[in-house]
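Residue-level structure breakdown
Each chain is listed here by its residues.
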Amino acid sequence: MNLTAGLNPAQKEAVTAPFGPVLILAGPGSGKTRVLTHRIAYLVSELNVFPFRIMSVTFTNKAAKEMRARVEKILGEDLRGILMGTFHSTCARILRRESADLARLGYSKDFVIFDSDDQRSVIKSALKELNLDDKRFQPSKMLNSISGAKDKMITPDFYEASDYMSTVIKRIYDQYQRTLVANNAMDFDDLLLNTVRLFDLVPEVLAKYQQQYQHILVDEFQDTNSVQYGLLTRLAGQHKNLFVVGDSDQSIYKWRGADFRNIQKFRDEYPSAKQILLEQNYRSTQLVLDAAMAVIEKNPERVHKQLFTDRSGGAQIVMREAYNENEEAEQIVRTVAGENRRGRRSYGDFAVMYRTNAQSRALEEAFIREGVPYKLIGATKFYGRREVRDIIAYLRVVHNLRDEVSLRRIINVPTRGIGAKTIEKLLAWGNQLDVQAGEAVIKLATDPTIALPFKGRALASLMRFGTMLNGWVRARDEITVGELVQRILDETNYKSYIDDGTDEGTDRWENVKELLGVAKDAGEIALTEFLENVALVADVDDLEGGSNSVTMLTLHASKGLEFPVVFITGLEEGIMPHSRSMTDAEEMAEERRLFYVGLTRAEDQLFLSHTLRRSLYGMSEMSTPSRFLGDIPSNLVEGGNKLSERHAAAQNRAWSWDQSATTQPKRATSSTYGSYGKRSDFAEKRAAQKAARGSWESQKSAMSQRDLPKPRHLSEDRDTPTVAAQYKSGQRVKHAKFGEGIVIESKITRNDEEVAIAFSEHGIKRLSASFAKLEVIG
DNA sequence: GGCTCATATTTTTTT
DNA sequence: AATATGAGCC
């Protein structure tokens, strides 16, 4: 088998690099996934590494899964000897395996993983316990500090208390960590940290894994944090076969502790490391690359890289401006529908990207309205919904009775007469008897000899709940996760609690049923594994809409993917770059890298859009085009980069819109963009789309590309105006407020005409013809 | 203890 | 806009 066929010299060199530390610096689209998969295959087959003893760490579970499939395809065999996963899942696995030694850290192997929501509630109860104000010590800030400490491997005892703030944080951190251990729970950082601690505490365990994994491969190395780095160097301590692949220009997770300087650290610590550069791009046209390079070059302290491709030329970038996010979305759907209808592209060729998840809403609505199939990656977390979290909390308590956080969540949901006072009393009582959380309720319900501090209604309720919980715990190893969920739903009468007959209630119940479906699909797997998947695998939520649908995703989620046509939306100051990054130069550099990542996802064409007005937190505000747009060379943009002109125009328009808003009735958005109503309404439409997608899937063999549902009213080509121009330059007009002026430019935008007028007394204004009352006087 | 209404707060990105 | 928290009342 020739594993290097079709690879360029640099790629070949990487695949066949000698054992020892290797650093691959790979530009976007340089085939690094290919290099990784071939490297693994090479290790397995050519060098007879058997049993395989290879550990490969990628960024997402999805990526790991794909990589496994690819390697298996190359080798044509089952790869049980290779561990592939994320850092987090790898660590969870190791920790559960070493449960005997894990006890030394205070955990049993049934530990649960607390996500950010759980973390928040732990912090909150810690604040309460310590009598601290959650305004002064914001839970999110506290969590950031704690996470930062954990990344530096600082335990509460060693947290430096130099001033008042840090003294308080130290106390909160201490309390937080105690709570986690008491709950037999780990947060995401703990999974990594405890693995390293375990290795340091029990050298035999480390030695075992060093022996087991002779080769370690790491993808997206620029996004590792220092604990992950520590974990790698420990694991590779003996064989030093550490093969890392990264690109500092694509480092976009600094906020999560990632530090691309790990690349330099690696160089310093392994001076003998072989270093290979992959600069040839196989994905994009030269034009796309030129744009991306022009953007990234502006970042300070950066090593210049000359990306190149065989794909010279390429379609020019389309830069578009829309009135608001709804119009922006419509422009996109029309372009997509148009290209699809002409048979030039299929829906699956398009990706629409945005900075924040909240921006997906307007896009979804537009796609639903036009009947264009899409799939949403990430988005409003399915597992973040209240009703879903409730059920998960039930499972977690059944799985780990020490989980007080989850118990508190569900002990009175559905309401069963167990209020705050009773809960506190119950837990205090349990504490005296040295039983935790769920154990206490069960003891109360099952041990007739025990003296109880409760009576009457509270006691009856607790007994009933304890009996139920006991039943589930006893059944948990006998029945499947699906059956367990079903039982919990039945016995708690959850449906009548959540489905109150309103649209929203029905919607919630649908979500519960979806979770039930996921549980049933999980089949025979253990509860532990099920809960771990829920905690660590984020992509269960992806609305898998077959291959032939438009992908919507955040810029972060786009890393590692590629699409023929990419739309990047919301390119406005405050959104992209995000307002939270404005004050810090390093964060701004990261925003730029994020934009760079988005740009380099495109194979053939880029559409970049910004709006004049954007709704945020339910308020519509004027927006200014992103500074990043200005960095795209004019010759790469269709019709030239008009950003600076637009920038000025935006300022002017901001002014005139606000003026007209006071004198004119509000623009009829409901007729122009359709009215959207409440959440449930939207959920309904989304469900309808989902159902329709199912039928598309089933019909797709019978149906050709072009027969897909025809857009209802946007069958026009993308820039066909729907209004006719009323004004032309040179005309003299009169405005109610600004007096007389001369039209210098008239431009048709969608559904409107925009007129630039030079007023004798007020200077140049850009006005909307439908708004401004203009009288032609000559 | 539980429900309803009013007010505050939020959103960056994800394992 | 959508959700979380808190006060007030049954």
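Nothing here was measured: the structure is a model prediction, and the numbers come from that model.

1. With respect to the overall build of chain A
Scanning chain A from terminus to terminus reveals 28 helices and 23 strands. Expressed as a percentage of contacts within chain A between residues at least 6 apart in sequence, the contacts between residues at least 24 apart total 75%. A total of about 34,300 Å² of accessible surface is found on chain A, and carbon and sulfur atoms cover 50% of it.

2. Topic: the pairing of strand 12 (residues 350-354)
A large share of strand 12 lies buried, amounting to five of its five residues. Going residue by residue along strand 12, you find F350, V352 and Y354 tucked away on one face and A351 and M353 tucked away on the opposite face as well. Alignment of strand 12 against strand 15 (residues 563-568), held across four bridges, turns out to be parallel. Directly across from A351, in strand 15, lies its bridge partner V566. With four bridges connecting them, strand 12 and strand 14 (residues 550-554) associate as parallel partners. From the neighbouring strand, A351 faces strand 14, where its bridge partner is T551.

3. Considerations on the sheet that holds strand 8 (residues 274-278)
Here six strands make up an open sheet; going across it, the order is 3-2-6-7-1-8 and the pairing parallel. Every interior strand has two partners, whereas the edge strands, strand 3 (82-85) and strand 8, have only one. Along the sheet, successive strands turn relative to each other by an average axial angle of 10°, direction set aside. Contacts between helix 3 (residues 61-75) and the sheet are confined to strand 2 (54-57) and strand 3, with strand 3 contributing the most and set at about 145° to the helix.

4. Observations concerning the packing of helix 6 (residues 116-129) against helix 7 (residues 139-151)
Describing two packed helices takes the angle between their axes plus the distance from one axis to the other. One can describe the packing of helix 6 onto helix 7 by two numbers: an axis separation of 10 Å at closest approach and a directional angle of 105°. When the interaxial angle is binned, helix 6 and helix 7 end up roughly perpendicular. Along its contact with helix 6, which presents Q119, R120, I123, K124 and L127, the element helix 7 presents P139, M142, L143 and I146. For the contact of helix 6 with helix 7, the per-class residue count stands at six nonpolar, one polar and two charged.

5. Digging into the pattern of salt bridges
Counted according to the given criterion, the structure contains 45 salt bridges. Measuring nitrogen to oxygen at the nearest pair gives 2.7 Å for the salt bridge that ties D247 to K305. Residue D247 is found in the loop between strand 7 (242-246) and helix 12 (262-269), and its partner K305 is found in the loop between helix 13 (286-296) and strand 10 (308-309); the two are separated by 58 residues along the sequence. Of the two residues, D247 and K305, both sit in the buried class. Across the pair D604 and R311 runs a salt bridge whose closest N-O atoms are separated by 2.6 Å. Taken as a pair, D604 in strand 16 (residues 602-611) and R311 in the loop between strand 10 and strand 11 (318-322) lie far apart in primary sequence, 293 residues in all. Bridged by salt links that share partners, the residues D115, D117, D118, R389, R396 and D403 form one connected network.

6. Examining the pairing of strand 18 (residues 619-622)
Judged from the four bridges that link them, strand 17 (residues 613-616) and strand 18 form a sheet pairing that is antiparallel. Looking at the pairing, R614 lines up with E621 of strand 18. If you look at the hairpin formed by strand 17 and strand 18, you'll find two residues sitting between the two strands, and Y617 has a positive phi there, around 50°.

7. Observations concerning the packing of aromatic side chains
The description of an aromatic ring pair rests on the distance of the ring centres and on the angle between the ring planes. Considering all chains together, one arrives at 16 aromatic pairs under this definition. Note on F59 and Y253: the rings are 4.9 Å apart at their centroids and 45° apart in plane angle, and the pair reads as tilted. Residue F59 is found in the loop between strand 2 and helix 3, and its partner Y253 is found in the loop between strand 7 and helix 12; the two are separated by 194 residues along the sequence. For Y253, a relative accessible area of 8% puts it in the buried group. Plain terms: the ring middles of Y159 and Y173 are 6.0 Å apart, the flat faces sit at 80° to each other, and that makes the pair edge-to-face. One end of the pair, Y159, is in the loop between helix 7 and helix 8 (164-182); the other, Y173, is in helix 8, and 14 residues separate them in sequence. Here Y159 and Y173 have matching classes, each one buried. Ring pairs connect the aromatic residues F221, Y229, F266 and Y270, which therefore count as one cluster. The positively charged end of R256 is found above the aromatic ring belonging to Y253, 4.5 Å away from the centroid. Sitting over the ring of F59, K559 keeps its end group 4.3 Å from the ring centre.

8. Quick look at unusual backbone geometry
A cis amide bond links V413 to the next residue, P414, at an omega of -5°. Summarising the element assignment, P414 is placed in the loop between helix 17 (404-410) and helix 18 (420-432). With a phi angle near 55°, N184 is a residue other than glycine that sits in the positive phi range. Among the structural elements, N184 can be located in the loop between helix 8 and strand 5 (185-187).

9. Some words on the sheet that holds strand 15
One open sheet accounts for six strands, arranged 11-16-15-12-14-13; its pairing is parallel. Taken across any chain shown, the strands that pair with only one partner, and hence form the sheet edges, are strand 11 and strand 13 (374-376). Neighbour-to-neighbour, the strand axes of this sheet turn through a mean angle of 20°, independent of strand direction. Examined bridge by bridge, strand 11 and strand 16 share five bridges and lie parallel to one another. Note on strand 16: the bridge partner recorded for V318 is F607. Strands strand 11, strand 12, strand 14, strand 15 and strand 16 of the sheet are contacted by helix 14 (residues 325-341), whose axis makes an angle of about 140° with strand 11. The sheet contacts of helix 25 (residues 585-599) involve strand 12, strand 15 and strand 16, and relative to strand 16 the element is tilted by about 130°.

10. Some remarks on helix 4 (residues 87-97)
Burial analysis of helix 4 places nine of its eleven residues in the buried class, which makes it a mostly covered element. Along helix 4, the residues that are buried comprise F87, H88, S89, T90, C91, A92, I94, L95 and R96.

11. As for the confidence of the model for chain A
Segments scoring low in pLDDT should not have their predicted coordinates read at a detailed level. On average, residues of chain A score 83 in pLDDT, and 84% of them are at 70 or above. Mean pLDDT across the elements of chain A bottoms out in helix 27 (residues 669-673) (30) and peaks in strand 15 (97). Contacts for the low-pLDDT stretch residues 657-678, under 50 throughout, to residues beyond four places or in other chains number 35 contacts. Every residue in residues 694-722 is under pLDDT 50, and counting partners more than four places away or in other chains gives 46 contacts.

12. Examining the nonpolar core
I172, L191, I216, L242 and F266 are the most contacted members of the largest nonpolar core, which totals 63 residues. For this core, the element with the highest residue contribution is helix 8, accounting for six residues. In this view, L242 contacts G20, P21, V22, I216, V218, L232, A236, F266 and Y270; residues no more than four positions away in its chain are not counted. Counting residues in each nonpolar core, the second largest holds 50 residues, with F454, W472, W509 and A519 among its members.

13. Topic: the environment of A475
By secondary structure assignment, the location of A475 is in helix 20 (residues 456-475). Residue A475 is classed as buried on the basis of its relative accessible area of 10%. Between the alpha carbons of A475 and V755 there is a distance of 73 Å; along the sequence they are 280 residues apart.

Procedures and definitions
Residues numbered from 1 in each chain as written. Chains lettered and ligands numbered in written order. Predicted model: local features only at pLDDT ≥ 70, side-chain atom pairs only at ≥ 80, totals over all residues. Heavy atoms only, no water. Helix = DSSP H or I, 4+ residues; strand = E, 2+ residues; numbered from the N terminus. Contact = heavy atoms within 4.5 Å. Areas by Shrake-Rupley, 256 points an atom, 1.4 Å probe, with all protein chains shown as cover. Buried < 20%, exposed > 50% of the residue type's maximum accessible area, 1.4 Å probe, protein only. Pairing = 2+ DSSP bridges. Axes fitted to C-alpha atoms, helices over the stretch in contact; angles between N-to-C directions. Parallel < 35°, antiparallel > 145°, perpendicular 65-115°, else oblique. Nonpolar A, V, L, I, M, F, W, Y, C, P; charged D, E, K, R; others polar. Salt bridge = Lys/Arg side-chain N within 4 Å of Asp/Glu carboxyl O. Phe/Tyr/Trp six-rings, centres within 6.5 Å; stacked < 30°, edge-to-face > 60°. Lys NZ or Arg CZ within 6 Å of the ring centre and 35° of its normal. pLDDT = per-residue confidence, 0-100. Core = buried A, V, L, I, M, F, W, Y, C linked by side-chain atoms within 4.5 Å.

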